[in-house]
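# Residue-level structural notes
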Amino acid sequence: MLRVALALVLSYLVGAIPTSYLTARAKGVDLRRHGSGNLGATNLYRALGWRYAAPAGLFDIAKGAVAVLVLAPLATGSTVFGLVCGIAAVLGHMFSPFIGFKGGKGVATGAGVILGIAPLAFGVALVIWVTLVAATGFVSLGSIAAAASYPVAVYALHPARRETIWIDIGLAALIIWMHRANIGRLIRGTENRFGRRRSRDPSPPPAAS
């Protein structure tokens, strides 16, 4: 039981490392005051660009994979427990104790969990994400659709893991729920499109002559 508890706590704390927030703070930027105010890699991109957002996003993916592939096996080789540790990492990313229980929306860390435990399903979700983001410019839409496709892909491509499908559905639902504000903006037509960066120090409008 001690190993199980330790693996869960470590998974949560690894997931809670606020990658994008720390990256932005190192450059003198508080992500909470920029763009959407979200502390994920997409908002980091809007504030500082790809040079900083790409490594942060990859680190967030690694957090989910480490929880599944490294920390969970410290206690048991159970696939179910691996998924539970992955969800703990996602919750840590969403609600980090290091920044007042705020965080990102769990997409990258969730992707790392899927990559570690269901790589074929990860491939399907990635293709859907890339296709929708490229076609529409909405990262949120791609993320929601990718999350929704994940349990279906697990059921179809990983038949040995069908007994965990309800946990997979729970993970997908958690990520979609974190996008509820984005869903509202998509419906209203006010959602930001990918590629729009906000200036760190917007210049004041020119004085009228």
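Our subject is the structure listed above.
In this numbering scheme, every chain counts its residues from 1 along its sequence in written order. Thresholds applied to this predicted model are a pLDDT of at least 70 for local features of residues and 80 or more for the giving and counting of side-chain atom pairs; totals over whole chains, interfaces and linings are not thresholded and use all residues. Side-chain descriptors were evaluated using all non-hydrogen atoms of the structure, hydrogens and water having been removed beforehand.

This paragraph deals with the pattern of salt bridges. For this document, the term salt bridge refers to a Lys or Arg side-chain nitrogen within 4 Å of an Asp or Glu carboxyl oxygen. Evaluation of the coordinates by the stated rule reveals six salt bridges. Put simply, D30 and R33 hold a salt bridge, and the shortest N to O gap is 3.9 Å. Of the residues examined, D30 reaches a relative accessible area of 11% and is grouped as buried. The rule is simple: take the accessible area with a 1.4 Å probe, protein chains only, and divide by the maximum for that residue type; under 20% is buried, over 50% is exposed, in between is partly exposed. For R33, a relative accessible area of 73% translates into the label exposed. In this structure, D60 and K63 form a salt bridge, with 3.1 Å as the shortest nitrogen-oxygen distance. Here K63 and D60 lie together in helix α4 (residues 50-71), a separation of three residues that amounts to about one turn. By the criteria applied, helices consist of DSSP H or I runs no shorter than four residues and strands consist of E runs no shorter than two, each listed in order from the N terminus.

Each helix should span, by expectation, one fewer than its residue count multiplied by 1.5 Å. With 22 residues, α4 ought to run about 32 Å at 1.5 Å a step, and its terminal C-alpha atoms sit 30 Å apart, in line with that. Where α4 bends most, at A65, the angle is about 35 degrees. On its buried face, α4 sits against α1 (2-15), α2 (19-26), α3 (41-48), α5 (79-94) and α6 (107-117). The seven residues ending at a residue and the seven starting there each receive a fitted axis; the angle between those axes is the bend at that residue. Whether two residues are in contact is decided by their heavy atoms, any of which lying within 4.5 Å being enough.

With that settled, the discussion passes to the environment of L171. Mapped onto the fold, L171 is located in helix α9 (residues 165-178). Residue classification places L171 among the buried residues on the basis of a relative accessible area of 1%. What L171 contacts, discounting residues up to four positions off in sequence, is I87, V90, V113 and Y150.

As a further point, take the packing of α4 against α6. Where α4 contacts α6, the axes come no closer than 6 Å and their chain directions differ by 45 degrees. Classified by the angle between their axes, α4 and α6 sit oblique to one another. Our pair here, α4 against α6, has a crossing hand that is right-handed. Contact residues: α4 offers G57, D60, I61, K63, G64, A65, V68 and L69, while α6 offers A108, T109, G112, V113, G116 and I117. When residue character is reported, Ala, Val, Leu, Ile, Met, Phe, Trp, Tyr, Cys and Pro are called nonpolar, Asp, Glu, Lys and Arg charged, and the others, Gly included, polar. Taken together, the residues of the contact of α4 with α6 break down into seven nonpolar, five polar and two charged. Angles run from 0 to 180 degrees between N-to-C directions of axes, and those axes are lines fitted to C-alpha atoms, restricted for helices to the stretch in contact. Angular relationships are summarised with four words: roughly parallel below 35 degrees, roughly antiparallel beyond 145, roughly perpendicular across 65 to 115, and oblique for the angles in between. Take the far helix as the reference: if the near one is turned anticlockwise from it by less than a right angle, the crossing is left-handed, and if turned clockwise, right-handed.

So, on to the packing of α1 against α4. One can describe the packing of α1 onto α4 by two numbers: an axis separation of 9 Å at closest approach and a directional angle of 160 degrees. For the element pair α1 / α4, the angle class is roughly antiparallel. Like other packed secondary-structure pairs, α1 and α4 cross with a definite hand, here right-handed. Mapping the contact onto sequence places A7, L10, S11, V14 and G15 in α1 and K63, A67 and L71 in α4. Looking at the contact of α1 with α4, its residues break down into five nonpolar, two polar and one charged.

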